[in-house]
Amino acid sequence: MKVSRCIICCLASMLAACRPTEVKVEVHECAAPPEGRAVAMSFALDSTVYVVSGRNANGKYVENMLVYSARTDSWQTKDLPESFSERGNGVACTNGQAAYMGLGFKGGDIYEAGKYLRDFWRYEPKTDRWTRLADFPSEKTAAAIAFADEGSVWVGFGFKGYGDEWWRYSIADDRWEAVSKTGSWPSRLMSMAAASCEGRFFAGTGFHTDCRTEWWEFVPSANGWERRASLPRKGRQNAACGATSQCVWIVGGWHNGDPLTTGFHFQDILCYQPESDSWQTCGVIPCGPTENGVACGIGRRLYFGLGESDMQQLHQHWYYIEE
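Residues numbered from 1 in each chain as written. Predicted model: local features only at pLDDT ≥ 70, side-chain atom pairs only at ≥ 80, totals over all residues. Heavy atoms only, no water.

## Comments concerning the environment of Trp-176
Structurally, Trp-176 is set in strand β14 (residues 175-178). A polar side-chain atom of Trp-176 sits 3.0 Å from the main-chain carbonyl oxygen of Ala-134. In this structure the side chain of Trp-176 is engaged in a polar contact, spanning 3.2 Å, whose partner is the backbone oxygen of Asp-135. (Helix = DSSP H or I, 4+ residues; strand = E, 2+ residues; numbered from the N terminus. Polar contact = N/O pair within 3.5 Å; in protein donor to acceptor, adjacent residues only side chain to side chain.)

## Here we look at empty space enclosed by the protein
Following the criterion strictly, the structure yields one cavity of 30 Å³ or more and no others. In this model, the largest cavity occupies a volume close to 80 Å³. Lining of the largest cavity is provided by 16 residues; of these, Val-251, Ile-285, Thr-290, Gly-305 and Leu-306 occupy positions nearest its centre. Taken together, the residues of the lining of the largest cavity sort by class into nine nonpolar, six polar and one charged. (1 Å grid on protein atoms, 1.4 Å probe; cavity = no way out; pocket = protein on both sides within 12 Å on 5 of 7 lines; lining within 4 Å. Points joined across faces, edges and corners; volume = space filled by probe spheres on them. Nonpolar A, V, L, I, M, F, W, Y, C, P; charged D, E, K, R; others polar.)

## Quick word on the pairing of strand β26 (residues 301-305)
In terms of burial, β26 is largely enclosed, as four of its five residues are buried. Bridging between strand β25 (residues 294-298) and β26 involves five bridges; their strand directions are antiparallel. The partner of Ala-295 across the bridge, within β26, is Phe-304. In this structure, the hairpin formed by β25 and β26 is closed by a connection of two residues, where Gly-299 is found at a positive phi of approximately 65 degrees. Here β26 runs beside strand β27 (residues 318-322); their pairing, made up of five bridges, is antiparallel. When the bridges of β27 are listed, Arg-301 appears paired with Glu-322. (Buried < 20%, exposed > 50% of the residue type's maximum accessible area, 1.4 Å probe, protein only. Pairing = 2+ DSSP bridges.)

## Quick notes on the sheet that holds strand β22 (residues 248-255)
Note: strands within a sheet are paired through backbone hydrogen bonds, in either parallel or antiparallel orientation. If you walk across this open sheet you meet the five strands as β1-β24-β23-β22-β21, and the pairing is mixed. Strands at the two margins of the open sheet, each flanked by one partner only, are β1 (21-22) and β21 (240-243). Looking at chain direction, β22 and strand β23 (residues 264-273) are connected through seven bridges and run antiparallel. Bridge pairing links Val-251 to Ile-269 in β23.

## Here's the deal with the sheet that holds strand β7 (residues 91-94)
Strand order in the open sheet made by the four strands is β7-β8-β9-β10, with antiparallel pairing throughout. Of all the strands in the sheet, the pair left with one neighbour each is β7 and β10 (129-132). Within this sheet the neighbouring strands show an average axis-to-axis angle of 20 degrees, counted without direction. Both β7 and strand β8 (residues 99-102) contribute to a ladder of four bridges, which runs antiparallel. In the strand pairing of β8, Cys-93 is matched with Tyr-100. (Axes fitted to C-alpha atoms, helices over the stretch in contact; angles between N-to-C directions.)

## What to know about the pattern of salt bridges
One side chain can pair with another of opposite charge once the charged atoms of both are near each other. In the structure shown here, the tally under the stated rule is 17 salt bridges. We note a salt bridge from Arg-228 to Glu-217, for which the minimum N-O separation is 2.9 Å. Of the two residues, Arg-228 sits in strand β20 (residues 224-228) while Glu-217 sits in strand β19 (residues 215-219), which places them eleven residues apart along the sequence. Overall, the relative accessible area of 7% leaves Glu-217 in the buried class. (Salt bridge = Lys/Arg side-chain N within 4 Å of Asp/Glu carboxyl O.)

## What to know about the layout of surface pockets
Computed from the structure, the largest pocket encloses a volume of approximately 1,100 Å³. Ser-42, Ala-92, Ala-194, Cys-241 and Ala-295 are, among the 49 residues lining the largest pocket, the residues nearest its centre. Elements represented by at least two residues in the lining of the largest pocket include exactly β3 (41-45), β7, β11 (145-148), β15 (193-197), β21 and β25. Split by residue class, the lining of the largest pocket holds 29 nonpolar, 17 polar and three charged. In this model, the second largest pocket occupies a volume close to 480 Å³. Looking at the second largest pocket, it is lined by 24 residues, and the ones nearest its centre are Val-39, Asn-89, Met-190, Asn-238 and Asn-292. Here the residues of the lining of the second largest pocket sort into eleven nonpolar, nine polar and four charged.

## Structural notes on the nonpolar core
Among the nonpolar cores identified, the biggest contains 17 residues, and Tyr-100, Phe-120, Val-153, Val-155, Tyr-169 and Trp-176 are the most heavily contacted of them. Broken down by secondary-structure element, the contributors of at least two residues to this core are β7, β11, β12 (152-156) and β13 (166-170). Not counting residues within four places of it along the chain, the set of residues in contact with Val-155 comprises Val-91, Leu-103, Phe-120, Phe-136, Ala-144, Ile-145, Ala-146, Glu-165, Trp-166, Trp-167 and Trp-176. (Core = buried A, V, L, I, M, F, W, Y, C linked by side-chain atoms within 4.5 Å. Contact = heavy atoms within 4.5 Å.)

## Focus on the packing of aromatic side chains
Using the criterion set out here, one finds 40 aromatic pairs in the structure. Taking 6.4 Å as the distance between ring centres and 65 degrees as the angle between the ring planes, the aromatic pair formed by Phe-43 and Tyr-123 counts as edge-to-face. Of the two residues, Phe-43 is situated in strand β3 and Tyr-123 in strand β9 (residues 120-124); the sequence distance between them amounts to 80 residues. For Phe-43, a relative accessible area of 2% gives the class buried. Centroid distance Trp-166 to Phe-218: 5.3 Å. Interplanar angle 70 degrees. Geometry classified as edge-to-face. In this pair, Trp-166 sits in strand β13 while Phe-218 sits in strand β19, placing the two residues 52 residues apart along the sequence. Residue classification places Trp-166 among the buried residues on the basis of a relative accessible area of 2%. In this structure Phe-218 comes out as buried when scored by relative accessible area, which is 1%. Feature note: the residues Phe-147, Trp-154, Phe-157, Trp-166, Trp-185, Phe-201, Phe-218 and Trp-225 constitute an aromatic cluster, connected by ring pairs. (Phe/Tyr/Trp six-rings, centres within 6.5 Å; stacked < 30°, edge-to-face > 60°.)

Below you can see the structure in the form of structure tokens.
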């Protein structure tokens, strides 16, 4: 009997450790964007969020960006350079000084040549300056992930057929080089979520034959990946992801399965704390289940919204939560 009780206690402790803690956060609604967008790129610099291209309610990829000022809680629309093609599922990241973005899918037949875009750009908001950089070396460019620091940008895990390619771009040399796989490495995936937090680079979720819960940290000094605590609940793809000063947030997403039985969309908001390598559930998206939205952190505040519902209707909502 003592042994049985010991086993039961151990199992109970293990199950409790696997469950994320629940901390309810208040979700505040902001000024509504001018229109809904899905599969857009997004980034934040200073006190401004930029939502670039993406698909509108008419199903068209657009040639402009929505610009949100956190200071004034207001939106404006700005044109993109004529040579910057409209696209969906592109990639964007910042190093605190400039944004690096591009790649993505132009629309149409997924097997058609030229639909997977390889152009890569630097955008400097203070001067509104766009600079086209060396093209990305691979055609695996749809729904990739990216991180940046002062000297490098890392991009990979994009889709044109599943892949686990990982590339480093040298800002000083305007040159790409492949990062060789060493040690543990994420699977060949598409539609992962990723964000930088306190100088650390995190990514996970995604899809290949099924949706994943794995969570990883990329360590530039080792040119490799290390496993971290997996997300709670079932796997997901197409989630929005952003980081505040001390946390990484996952918002919504889609569990890809049989739509009549196992497939569903998420409405939850999850918080990952790098210091403790742990997850918390923090509430729900007010407008309902959402995939293909955007999320960006400004200081201790996470802004998120847009995307589309489980009925493929675009959301025209914008929110923030405090860390």
